[in-house]
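Letter by letter, the chains look like this.
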Amino acid sequence: MSRGDEVAASLDVVRRRIAAACAEAGRSEDDVSLVVVTKFFPASDVRLLAELGVTDVGENRHQEAEAKAAECADLGLRWHFIGGLQSNKAAAVASYADVVESVDRAKLVGPLARGAHSRGRDVDVLLQVSLDPPGADNRSGAAPADLADLARRVEEAGMLRLCGLMAVAPLGEDADAAFARLAEVRETFVRDHPRATALSAGMSGDLEAAIRHGATHVRVGSAVLGERPTVQ
Ligand SMILES: *Cc1c(COP(=O)(O)O)cnc(C)c1O
């Protein structure tokens, strides 16, 4: 089987999973977008995905993302940055990313706005919220209590469009329980920011649970492109 056939077949399976989860949740398929996570996979795979109708791709490491976005600039894809962000890289990320999903602290806002400004184009922003218990080590994402302040800074920065929230279910916890908490956080958030309705949640292993709890974007890597090398 060619790489193209292989990717087409697994993409089809993922699209069916999304459709089935939407049907089960009584939601329209149009409400859930697929972002294919292409980290560790070559630009040639990104090209195959574009041919198969994929419009949104996600990357989590700046150097790799920057190179791939440049190599695939002709494809008209929307690039989502979904990884941990260093503030000294944030302006550069905003120069190619259409959506930055992993904004989790105030320090990133100024550099992102500068990057968007020098590119001359608005950048969509999602605030990454942590679903870890308070005080957990290695948490990535803002504490729910810090979202209001972070949202205000994004809105005041100019050139950044506050679109919603992003989260990753903590390892070792039932995804349904984690995404149920996320749905509550989002309900409060949307009350204060009625236009920021995007919710990026769900990956290869838990996209059904995320869709049950209101995800509007699922970020799926390995179920489409195969296993990544384990060194990450
Ligand atoms: C890698 C990654 C994904 C995709 O994970 P899979 O399990 O391969 O689908 C989704 N979200 C984030 C933030 C990631 O880093």
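The coordinates are above.
In this text the structure is predicted, and so the values were computed from the model without any measurement.

What counts and what doesn't
- Residues numbered from 1 in each chain as written.
- Predicted model: local features only at pLDDT ≥ 70, side-chain atom pairs only at ≥ 80, totals over all residues.
- Heavy atoms only, no water.
- Buried < 20%, exposed > 50% of the residue type's maximum accessible area, 1.4 Å probe, protein only.
- Helix = DSSP H or I, 4+ residues; strand = E, 2+ residues; numbered from the N terminus.
- Pairing = 2+ DSSP bridges.
- Arc of directions from axis to C-beta.
- Contact = heavy atoms within 4.5 Å.
- Near = heavy atom within 4 Å.
- Polar contact = N/O pair within 3.5 Å; in protein donor to acceptor, adjacent residues only side chain to side chain.
- Areas by Shrake-Rupley, 256 points an atom, 1.4 Å probe, with all protein chains shown as cover.
- 1 Å grid on protein atoms, 1.4 Å probe; cavity = no way out; pocket = protein on both sides within 12 Å on 5 of 7 lines; lining within 4 Å.
- Sits in = over half its atoms within 2 Å of the grid points.
- Salt bridge = Lys/Arg side-chain N within 4 Å of Asp/Glu carboxyl O.
- Phe/Tyr/Trp six-rings, centres within 6.5 Å; stacked < 30°, edge-to-face > 60°.
- Lys NZ or Arg CZ within 6 Å of the ring centre and 35° of its normal.
- Core = buried A, V, L, I, M, F, W, Y, C linked by side-chain atoms within 4.5 Å.
- Axes fitted to C-alpha atoms, helices over the stretch in contact; angles between N-to-C directions.
- Parallel < 35°, antiparallel > 145°, perpendicular 65-115°, else oblique.
- Left-handed = near helix turned anticlockwise from the far one by under 90°.
- Nonpolar A, V, L, I, M, F, W, Y, C, P; charged D, E, K, R; others polar.
- Points joined across faces, edges and corners; volume = space filled by probe spheres on them.

Visitor: Outline the pairing of strand β8 (residues 217–220), listing residues and values.
Guide: The side chains of a regular strand alternate, first on one face of the sheet and then on the other. Judged by which residues are buried, β8 turns out to be covered on both faces: H217 and R219 on one side and V218 and V220 on the other are all buried. In this sheet, β8 lies alongside strand β1 (residues 33–37) in parallel orientation, the contact comprising four bridges. Note on β8: the bridge partner recorded for L34 is V218.

Visitor: So what's going on with helix α2 (residues 43–51)? Residues and values would help.
Guide: Within α2 the residues assigned to the buried category are A43, D45, V46 and L49. All buried residues of α2 project into a common sector of 155° when viewed along the axis, lining one side. Buried residues in α2 make contact with α1 (3–25), β1, β2 (56–59), α3 (62–71), β3 (78–81) and α9 (222–225). Once α2 ends, the next one or two residues include G53, with phi positive near 95°.

Visitor: Lay out the site of the ligand in plain terms, naming residues and giving numbers.
Guide: With respect to spatial proximity, the complete set of residues near the ligand consists of V37, K39, I82, M203, S204, R219, V220, G221, S222 and R228. In the model, an oxygen atom of the ligand is placed 2.5 Å from a nitrogen or oxygen of the S204 side chain. Here R228 contributes a side-chain N or O atom positioned 2.7 Å from an oxygen atom of the ligand. When the ligand sits alone it has 390 Å² of accessible area, and the protein chains cover 87% of it. If you map the ligand onto the pockets, it falls in the largest pocket.

Visitor: Lay out the pattern of salt bridges in plain terms, naming residues and giving numbers.
Guide: Enumeration over the complete set of coordinates arrives at 20 salt bridges. R17 serves as the salt-bridge partner of E208, at 2.8 Å between the closest nitrogen and oxygen. Residue E208 is found in helix α8 (residues 207–212), and its partner R17 is found in helix α1; the two are separated by 191 residues along the sequence. By relative accessible area, which is 25% here, E208 ends up partly exposed. Between D124 and R78 there is a salt bridge; the shortest N-O distance is 3.3 Å. Residue D124 is located in strand β5 (residues 123–128), and its partner R78 is located in strand β3; the two are separated by 46 residues in the primary sequence. Using a relative accessible area of 34% as the deciding quantity, one classes R78 as partly exposed. Here the residues in one salt-bridge network are D56, R78, D124 and R161, joined through shared partners.

Visitor: Before we move on, could you go through the packing of aromatic side chains and cite the residues and values that matter?
Guide: By the definition in use, this model includes zero aromatic pairs. Taking the ring centre of F40 as reference, the NZ or CZ of R61 above it sits at 4.4 Å.

Visitor: So what about the nonpolar core? Which residues, and what values?
Guide: Counting residues in hydrophobic clusters, the biggest one holds 67 residues, and the most contacted among them are I18, L112, L127, L160, F179, V218 and V224. In this structure I18 touches V32, L34, L207, I211 and V218, once residues within four positions along its chain are discounted. Core analysis: the second largest hydrophobic core is formed by seven residues, I82, V99, L126 and A198 among them.

Visitor: Now, about the packing of α1 against α2: what can you tell me, with residues and values included?
Guide: Look at α1 against α2: their axes get within 10 Å of each other, and the N-to-C directions meet at 55°. Regarding the angle of α1 to α2, the classification is oblique. As α1 packs across α2, the resulting crossing turns out to be right-handed. Residues R3, G4 and V7 of α1 lie in contact with α2, whose contacting residues are D45, L48 and L49. Taken together, the residues of the contact of α1 with α2 sort by class into three nonpolar, one polar and two charged.

Visitor: Requested: an account of the layout of surface pockets, with residues and values cited.
Guide: Unoccupied space between atoms shows up once a probe the size of one water molecule is rolled over them. Volume-wise, the largest pocket comes out at about 670 Å³. As for the largest pocket, its lining consists of 27 residues, and the residues nearest its centre are V168, A169, L171, M203 and R219. When the residues that make up the lining of the largest pocket are grouped by side-chain class, the tally is eleven nonpolar, ten polar and six charged. Each pocket or cavity is described by its volume, and for the second largest pocket that value is around 210 Å³. E155, L160, R161, L162, D192, H193, P194, R195 and A196 are the residues that line the second largest pocket. The element that contributes the greatest number of residues to the lining of the second largest pocket is strand β6 (residues 160–166), accounting for three residues. Grouping the amino acids of the lining of the second largest pocket by side-chain chemistry returns four nonpolar, one polar and four charged.

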